[in-house]
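# Summary of the model geometry
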Amino acid sequence: MRTFARTIALIIVAALLSAPLLAHRALATPPPIVFGPRRSYVVSGAPIATIGLSADHFNDDAALDLLTISGDESGTNTLNFFFGRGDGSFSTQAPLAPPDLQLGDSGGVIEITALAAAPLAPGDALADVVLVGTGLSGVNIFPLAQVYESPAFTLRANFPARATCGDAHTPPQPCSYDSLLLTDFGGAVGGPDDRLDLIAGDSITGYLSLYKQTSTGRLLLLPAFLATGSTPSDPGAAEPVAIEAGRFDADALPDLAVALAGEDAIGIHLNNGNPTQLPFGNGIQFPTGPGPINLRAADFDGDGKLDIVVLTSDGLVCLHRNTSTVAGSVSFAPVTCLPMVNDPVSLGGGNGPALTLGDFNHDGLVDIAALDAPPNQPGHVAVRLGNGDGTFSPVVLSPALANDPNALAAGDLNSDGFSDLAVVDTDPVTGGASLSVILTNGIAPAFTPTPTPTTTGTPTRTGTPTRTPTPTRTPTRTGTPTKTGTPTKTGTATRTVPTATPTATRTPTPTNTPSATPRPARGDANCDGLVNANDLPILLDRLFDPRVAPQCDGADANDDGSFTAPDVSKLLELLSGP
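All figures in this text were calculated on a predicted structure; none of them were measured in a lab.

### Description of the side chain of asparagine 77
You can see asparagine 77 is positioned in strand E4 (residues 77-84). Given a relative accessible area of 0%, asparagine 77 falls into the buried group. Within the structure, asparagine 77 has its side chain in polar contact with the backbone oxygen of leucine 101 (distance 2.8 Å).

Here you go:
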C-alpha cells in the first residue's frame, strides 16, 4: 500500500536565502505590527496531505506566487500554484500531476518530505521547483531528489544515476532525505560561482549530501558527509533535522549550519572553497536550547555578522550572536532563549520548518515569526519584532488560522514593503487543506475565493508494487512536551463587553431620571473623547495583553461586541477619514 505523503516544511527561498536580512538600526520601541484579516484559499476540498509551501516568481509578472505540493488518498501527487495578483490576493491555478511525480508499477515517488524553489540557471528569472524524499526503483528504495523546470515544470533529467543506499556502504549512504536547502556554495576559492547548489539531509543516517551544480548545469553528487556531533559508530544519533546557509566567519563563502535535535546543539561546517571536492570541513558544535527543530540566519544586532536563531521543541527561540572576527574561525556569544509559542509544530512526521524571518512592521529590522499549533484547534502565527540590537519585543499573535497549521512562509505579497504571512492549515469542516494569507499592514484587498480547478495531467495508475518499506523515524523527543512558565497569549480571544448603561433608580417624588453613562466613540480605545492615532497602540495592547490595557469599551471599533483584529482595520479606516 502506498505510503501516504506527509505534511512537511514550508520554505521561503530566493531572496531570503541568497541575501539574508540585516538589522540596519536599533530602535528603542519598534512600531507596532498591524495584522489584516485572514484570507483562505482551498488547496483541496478532500482530506489530503500538504507537502510544503514556497513563495517565489513562477510566472512572468512581478508579484510573488505561492506553491504547495499535495497528495490525496488515492496516491496522486500534485503541484498547486497560486499566482499573485500584486495586491495580496491570489488566483488558484489548475493543479498539475506530472507522471514522474507519482508511484507506479515499476517505481516512482514513495514520499515527498521537503520542497524549495529558486531559479537554478544563472540569469533565469523564474523559479524552478525542487523536492526531496524517498523513491522506488523496482524493489529498491533510493534518496529522491527531483527538479521541475519553469515555466512548463517538466522534470529535469541531468541528475546523477540513482545510487544504492544503506548501512553496507562506508560511509553509510542515505536512503531518503527529509531536509533541503538551495544556495550557492561557490566554485572556486574566494567567492560564489552564481550557480545554486542543492544540499539535502537525512536524520535517520545522520548524513548530508551536496549536489554541486557544474558549469553545464549538471548536478554532481559529492560523497555524503557526517552531521556534527555524531560518531561513526552511531551517526544517526545527532538527528540533523534542519539546515541553513550563511557567511558565519569572515570570508566570502557561505557556510553550513545544522540543527542537531539529538545533541541539543547547532553544528557549523565552514566552507573551505574547494571547487571540485566537498567544500566543508569537520563540524563545530555549539549548545542551544532543548530539541532544536528549525533555524534561520540574519544579522539581528546590526554588527554586520550573521547570527542564528533556533526554534526548539518546547517553544523557545534561542539567539546565537556571532562574535567571529577572522576567516576560518567561528564563535558565538552564550545562547539566550525566550518563550515564543506554546505548541510548536512537532518534530517528525515531515512537519516544519515553522520558523521564518521578515520585516513585519516596515522598520528595516529583522523580526521572527513562528507557528503556534495546538492539536486539532485553530493556530496562530507568533511574532517577536526585532529591536535591532539583538533583543526583541514581546510576542504578538496573528488572527486565528484554521486547524493544525503546519507550514509557514513570509514575503512581501502586495509590494508595500511589509513582510506578509502564508500558512498551510486544515479546514475544520471539510478536513481539506487550505492556504491562509495574512497581510501585515492591516489592509486587505477585496476577496473572492476561486473554485478548486480540475487536476490536469494525472497519470493512469494500475496498482501499487510490493517494495521494501520506508524506515520508520523515531525521534528522541516528541517536539511538544508539556511545559510551564510560558505566558498564555490571548491575541484574538473574543471578550464580552460590559454594559455601559446603568439601571436608573426612581423615587416616589418626581425627579429627573439620571442619564445613562455615554458610550465612548467607536475607536476611542483610550477613552479620552477623541479618535486619533493615539488610540492605535492602546487597541493593540488591549488585543494582546488585556491585563494591562485600559478596560475601555471604545476599543470595540467595529461595534460587534468583541475585541478582535478586525477592530484594528476599522480604526485605521476611521483614521483615514471618509
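Still more ground to cover, so stick around.
### Topic: the pattern of salt bridges
A complete count under the given rule lists four salt bridges for this structure. Residues glutamate 149 and arginine 156 are paired through a salt bridge, measuring 4.0 Å at the closest nitrogen-oxygen approach. Here glutamate 149 falls in the partly exposed class, since its relative accessible area comes to 32%. When the shortest N-O distance is used, the salt bridge between glutamate 244 and arginine 296 registers 3.1 Å. Of this pair, glutamate 244 sits in strand E16 (residues 240-246) while arginine 296 sits in strand E20 (residues 292-298), placing them 52 residues apart in sequence.

### Some remarks on the sheet that holds strand E23 (residues 336-339)
Across the sheet, which stays open at both edges, the four strands sit in the order E20-E21-E22-E23 with antiparallel pairing between neighbours. Strands with a single pairing partner mark the edges of an open sheet, and in this sheet they are E20 and E23. Direction aside, the axes of adjacent strands within the sheet are offset by 25 degrees on average. Bridge analysis of strand E21 (residues 307-312) against strand E22 (residues 316-320) gives four bridges, and the strand direction is antiparallel. Along E22, the bridge assignment pairs valine 309 with leucine 319.

### Details of the pairing of E21
Each regular strand shows side chains that alternate between the opposite faces of the sheet. The buried count for E21 comes to six of six residues, which makes it a mostly enclosed element. Burial along E21 is two-sided: the face carrying Asp307, Val309 and Leu311 and the face carrying Ile308, Val310 and Thr312 are both buried. Inspection of the sheet shows E20 paired to E21 by six bridges, in the antiparallel sense. Counterpart to arginine 296 in the pairing with E21 is valine 309.

### Some thoughts on the pairing of strand E2 (residues 49-56)
Within E2, eight of the eight residues are buried, which leaves it mostly tucked inside the rest of the structure. Both E2 and strand E3 (residues 65-71) contribute to a ladder of seven bridges, which runs antiparallel. Bridging across to E3, alanine 49 finds its partner in glycine 71.

### Structural notes on the packing of aromatic side chains
For any pair of aromatic rings, the description rests on two quantities: the centre-to-centre distance and the angle between the ring planes. Applying the stated criterion across every chain, the model contains eleven aromatic pairs. On the basis of an interplanar angle of 65 degrees and a centroid distance of 6.3 Å, the ring pair of tyrosine 41 and phenylalanine 82 is categorised as edge-to-face. Separated by 41 residues along the polypeptide, tyrosine 41 in strand E1 (residues 39-42) and phenylalanine 82 in strand E4 bring together distant segments of the chain. Taking the relative accessible area as the measure of exposure, tyrosine 41 reaches 1% and is therefore buried. By way of ring pairs, the aromatic residues Phe58, Phe81, Phe83 and Phe153 are connected into one cluster.

Here is what the cut-offs are and how they apply
Residues numbered from 1 in each chain as written. Predicted model: local features only at pLDDT ≥ 70, side-chain atom pairs only at ≥ 80, totals over all residues. Heavy atoms only, no water. Helix = DSSP H or I, 4+ residues; strand = E, 2+ residues; numbered from the N terminus. Buried < 20%, exposed > 50% of the residue type's maximum accessible area, 1.4 Å probe, protein only. Polar contact = N/O pair within 3.5 Å; in protein donor to acceptor, adjacent residues only side chain to side chain. Salt bridge = Lys/Arg side-chain N within 4 Å of Asp/Glu carboxyl O. Pairing = 2+ DSSP bridges. Axes fitted to C-alpha atoms, helices over the stretch in contact; angles between N-to-C directions. Phe/Tyr/Trp six-rings, centres within 6.5 Å; stacked < 30°, edge-to-face > 60°.

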